[in-house]
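Chain by chain, the residues:
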Amino acid sequence: MTTKTKPAATLPLNQILDGDCVEVMNALPENSVDLIFADPPYNLQLKGDLHRPDNSKVDAVDDDWDQFDSFRAYDRFTRDWLKAARRILKPNGAIWVIGSYHNVFRMGAELQNQGFWILNDVVWRKSNPMPNFRGKRLTNAHETMIWASKQEASKYTFNYEALKALNEGVQMRSDWVLPICTGHERLKDENGDKAHPTQKPESLLHRVLVATTNPGDVVLDPFFGTGTTGAVAKKLGREFIGIEREEKYRKVATDRIANVRKFDKESLIVSASKRAEPRVPFGQLVERGLLQPGEVLTSPRGKVAKVRADGSLVADGVKGSIHQVGAALEGAPSCNGWTYWQFKREGKNVPIDLLRQQIRAEMAARPN
């Protein structure tokens, strides 16, 4: 699965690439990736060892890859990898970056400097954070993610209804309460120690990928680590590209992803936004005989309109579409006529949207 860096005419899908992330991304085709999830070094600036109250040593992040000589050096590193990332994103692509207070504000500024358009910052609130052992600061109980599109005009993917479904039908907020990676999910090396000090939980990547990608999309992670992004992408039917310069992490990630099973195609379908559903003109209901010219529609407040042969309505001298007439009768700037108007069947008032959904169901059942 591990591949040495070389210029790529086509995307090296579902591979872990060996090398510096800037060099590897610069060797990939321009405008070729749908989403980037980046968990870069945080530049924690740790001074000495950290111990618990019982004097046991905390397994903190003190690896060479998190060491930078200065803020200027870290900013230069951030500028370079974000520039390379932006080049390979498709015009409608997006990026997620995650960090702590040490680095996330610096990344946010650089994202804007390079022309990314920030869509949301998301607070990942850890339900089981590590306590502050010295008692000199607040417990660091969250990390911050920034979600940004490549540019302001990008038509980025956002599966709004799918996130509502994940949240029991309630609009998803920008604070996500999820546990840190512990227990059986925490990968260990041959010595029984953590395979990676900052392994992210699969629940976090599951939410990110369900929200902002579709099956078949290409997700790139330039700081692949032990492969959480790749493992979740494979399960969800997305293609992945990982970049990781540390051999020990590549090995763990390779073994991990090899044991992942992709969910079946039907299970990968998520709740679609109404905006994404096929457009059905109201006139088609009349053409199909689902509603008849001259049939009377009513509103929840007793307003009445008559259907005309061309699919328009007339009511109290007002003529126009189901939306225009509804707005005029209510004295409102706009109106969703599909949910406003009702027709009578078997003595009951039924929303006309039911007929639209009937046609959509027929369209979905047709073979491609």
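Residues numbered from 1 in each chain as written. Predicted model: local features only at pLDDT ≥ 70, side-chain atom pairs only at ≥ 80, totals over all residues. Heavy atoms only, no water.

As annotated in an unreviewed UniProt entry, the protein is Methyltransferase from Actibacterium mucosum KCTC 23349. UniProt lists a comment for the protein under the heading Sequence similarities (unreviewed entry), and it reads "Belongs to the N(4)/N(6)-methyltransferase family." (UniProt positions renumbered as here; feature names shortened; annotations may be inferred.)

Let us look at the nonpolar core. Among the nonpolar cores identified, the biggest contains 34 residues, and Trp 96, Met 145, Trp 176, Leu 204, Val 208 and Leu 209 are the most heavily contacted of them. Looking at this core element by element, the count peaks at six residues for helix H5 (residues 202–212). When near neighbours in sequence (up to four residues on either side) are disregarded, Met 145 contacts Phe 37, Trp 96, Val 97, Ile 98, Asn 120, Asp 121, Val 122, Trp 176, Leu 204 and Val 208. Listed in part, the 30 residues of the second largest apolar core include Val 24, Ile 36, Phe 223 and Ile 241. (Core = buried A, V, L, I, M, F, W, Y, C linked by side-chain atoms within 4.5 Å. Buried < 20%, exposed > 50% of the residue type's maximum accessible area, 1.4 Å probe, protein only. Helix = DSSP H or I, 4+ residues; strand = E, 2+ residues; numbered from the N terminus. Contact = heavy atoms within 4.5 Å.)

With that settled, the discussion passes to the pairing of strand E15 (residues 348–351). Bridging between strand E14 (residues 342–345) and E15 involves four bridges; their strand directions are antiparallel. Paired with Phe 343 across the strands is Val 350, a residue of E15. (Pairing = 2+ DSSP bridges.)

Attention now moves to unusual backbone geometry. Although it is not a glycine, Asn 14 sits at a positive phi angle of roughly 55°. Within the secondary structure, Asn 14 sits in the loop between strand E1 (2–4) and strand E2 (15–18). When its relative accessible area of 32% is taken as the criterion, Asn 14 is described as partly exposed. With phi around 50°, Glu 346 is a residue other than glycine that occupies positive phi space. Here Glu 346 shows up in the loop between E14 and E15.

This next bit is on the pattern of salt bridges. All chains considered together, the criterion is met by 15 salt bridges. Residues Glu 246 and Arg 245 are paired through a salt bridge, measuring 3.8 Å at the closest nitrogen-oxygen approach. Look at Glu 246 and you get partly exposed, because its relative accessible area is 25%. Each of Glu 202, Lys 235 and Arg 256 takes part in salt bridges that share partners, so that together they form one network. (Salt bridge = Lys/Arg side-chain N within 4 Å of Asp/Glu carboxyl O.)

This next bit is on helix H9 (residues 322–330). Every buried residue belonging to H9 is among Ile 322, Val 325, Gly 326, Ala 327 and Leu 329, and all of these are buried. The elements touched by buried residues of H9 are helix H8 (282–287), strand E11 (304–307), strand E12 (313–315), strand E13 (318–320) and helix H10 (337–340). With its phi angle positive at about 65°, Gly 331 sits one or two positions after the end of H9.

Turning our eyes to something else, we now look at the packing of helix H6 (residues 228–235) against helix H7 (residues 247–258). Contact pair H6 / H7: the axes reach a minimum separation of 9 Å and the direction vectors enclose 15°. As the angle between them shows, H6 and H7 are arranged roughly parallel. Crossing of H6 against H7: the hand is right-handed. Every residue of H7 that contacts H6 at Thr 228, Gly 230, Ala 231 and Lys 234 is listed here: Arg 256, Ile 257 and Ala 258. Of the residues assigned to the contact of H6 with H7, the class counts are three nonpolar, two polar and two charged. (Axes fitted to C-alpha atoms, helices over the stretch in contact; angles between N-to-C directions. Parallel < 35°, antiparallel > 145°, perpendicular 65-115°, else oblique. Left-handed = near helix turned anticlockwise from the far one by under 90°. Nonpolar A, V, L, I, M, F, W, Y, C, P; charged D, E, K, R; others polar.)

Relative to each other, helix H2 (residues 71–88) and helix H3 (residues 104–113) sit at 45°, their axes nearing to 10 Å. With respect to H3, the axis of H2 lies oblique. Handedness of the crossing formed by H2 with H3: right-handed. On the side of H2, the interface is formed by Phe 71, Tyr 74, Asp 75, Thr 78, Arg 79, Trp 81 and Leu 82, while H3 contributes Arg 106, Met 107, Glu 110 and Leu 111. Broken down by class, the residue content of the contact of H2 with H3 amounts to six nonpolar, one polar and four charged.

Restricting attention to buried positions, one finds in H3 the residues Val 104, Met 107, Gly 108, Glu 110 and Leu 111. End-on, the buried residues of H3 take up no more than an arc of 170°, which puts them together on one face. Exposed side of H3, more than 90 degrees from the buried face: Phe 105, Gln 112 and Asn 113 are the residues found there. Where H3 is buried, its residues contact H2, strand E4 (89–99), strand E5 (117–126) and strand E6 (142–149). Gly 115 sits one or two positions beyond H3 and adopts a positive phi of about 100°. (Arc of directions from axis to C-beta.)

What follows concerns the packing of aromatic side chains. Here the structure, examined in full by the defined rule, presents 11 aromatic pairs. Between the aromatic rings of Trp 81 and Phe 223, the centroid separation amounts to 5.2 Å while the plane-to-plane angle is 85°, which identifies the pairing as edge-to-face. Here Trp 81 is found in helix H2, whereas its partner Phe 223 is found in the loop between strand E8 (218–221) and H6, with 142 residues between them in sequence. Classification of Trp 81 by relative accessible area gives buried; the value is 0%. Here the aromatic rings of Phe 224 and Phe 240 are separated by 5.8 Å at their centres, their planes lie at 10°, and the arrangement is stacked. With Phe 224 in the loop between E8 and H6 and Phe 240 in strand E9 (residues 239–243), this residue pair connects regions lying 16 residues apart in the sequence. Considered together, Phe 224 and Phe 240 belong to a single accessibility category, that of buried residues. By the ring-pair criterion, three or more aromatic residues cluster together here, those being Trp 96, Trp 147, Tyr 156, Phe 158, Tyr 160 and Trp 176. The cationic tip of Arg 86 hangs over the ring face of Phe 116; the distance from NZ or CZ to the ring centre is 5.5 Å. Directly above the ring of Trp 176 sits Arg 207, whose terminal nitrogen or CZ lies 5.0 Å from the centroid. (Phe/Tyr/Trp six-rings, centres within 6.5 Å; stacked < 30°, edge-to-face > 60°. Lys NZ or Arg CZ within 6 Å of the ring centre and 35° of its normal.)

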